[in-house]
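Structural features, examined
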Amino acid sequence: MRVLCCGAVLVLGACLPAVAADVNFSGTLTGVCTLGLSTPGILGLAADGSLSSTAGVPAILTVLSVGTNTLTINPPVWVSPSPNYVAGDETFEVAYAGLAGLGLADQVMTDTVTTRTVNTLPLSLLTMNAKATNSLGFADGSYSMKVVVTCS
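As a starting point, this report considers the structure included with it. (Residues numbered from 1 in each chain as written. Predicted model: local features only at pLDDT ≥ 70, side-chain atom pairs only at ≥ 80, totals over all residues. Heavy atoms only, no water.)

1. Focus on the sheet that holds strand β5 (residues 69–73)
Pairing is antiparallel in the open sheet, where three strands are placed in the order β9-β5-β12. Looking at strand neighbours, the two that pair on one side only are β9 (114–118) and β12 (149–151), the edges of this open sheet. When the angles between neighbouring strand axes are averaged without regard to direction, this sheet yields 15 degrees. Here five bridges tie β5 to β9, and the two strands are oriented antiparallel to one another. In the sheet register, Thr72 faces β9, and the bridge partner there is Thr115. (Pairing = 2+ DSSP bridges. Helix = DSSP H or I, 4+ residues; strand = E, 2+ residues; numbered from the N terminus. Axes fitted to C-alpha atoms, helices over the stretch in contact; angles between N-to-C directions.)

2. Some details on the environment of Ser50
Note that Ser50 resides in the loop between β2 (42–45) and β3 (51–57). Separated by 81 residues in the primary sequence, Ser50 and Lys131 place their C-alpha atoms 6.7 Å from one another. When near neighbours in sequence (up to four residues on either side) are disregarded, Ser50 contacts Gly44, Leu45, Lys131, Ala132, Thr133 and Phe138. (Contact = heavy atoms within 4.5 Å.)

3. A word on the pattern of salt bridges
Tallied over the entire structure, the rule returns one salt bridge. Measuring nitrogen to oxygen at the nearest pair gives 3.4 Å for the salt bridge that ties Lys131 to Asp48. Of the two residues, Lys131 is situated in strand β10 (residues 121–134) and Asp48 in the loop between β2 and β3; the sequence distance between them amounts to 83 residues. (Salt bridge = Lys/Arg side-chain N within 4 Å of Asp/Glu carboxyl O.)

4. Points about the nonpolar core
Counting 14 residues, the largest nonpolar core has Leu61, Leu71, Ile73, Tyr96, Leu126, Met128 and Val149 as its most contacted members. Secondary structure elements with two or more residues in this core: β4 (59–66), β5, β7 (90–98), β10 and β12. In terms of residue count, β10 provides more of this core than any other element does, three residues in total. The residues touching Leu61, leaving out its near neighbours within four places in the chain, are Leu35, Gly36, Leu37, Ser124, Leu125, Leu126, Met128 and Val149. Core analysis: the second largest hydrophobic core is formed by eight residues, Leu51, Trp78, Phe92 and Tyr143 among them. (Core = buried A, V, L, I, M, F, W, Y, C linked by side-chain atoms within 4.5 Å. Buried < 20%, exposed > 50% of the residue type's maximum accessible area, 1.4 Å probe, protein only.)

Structure below.
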């Protein structure tokens, strides 16, 4: 009798209609831009007498953008020049080249603020170089400068 009952349950189970369930997803994206320094730059004395990361190591900045954002890159400024440094006529310049989603963001050395519009793009890299020239040259010691980059 038990075998007959089990068989009846199996037959009834095969005859029941399929059950459906909705699985919903939702989300809201807002304009977001994230910047992160993945490699700091290193300055060196270039053949033309300038202090430059082209004679050292360029910095690499990561950029992640959702929506349309504006990337603003300022020329470098001193964080701390050598204590022996004497400022003459100074010029500060920045250059950058985009990789991946920023492939069109190439900028030769400039001493002005530049902007680039970036749309939604996956994590991308921006290779940056900084350069300082001084009519009086550079004394020995440690130098540090920064380039302020904003994304809004």
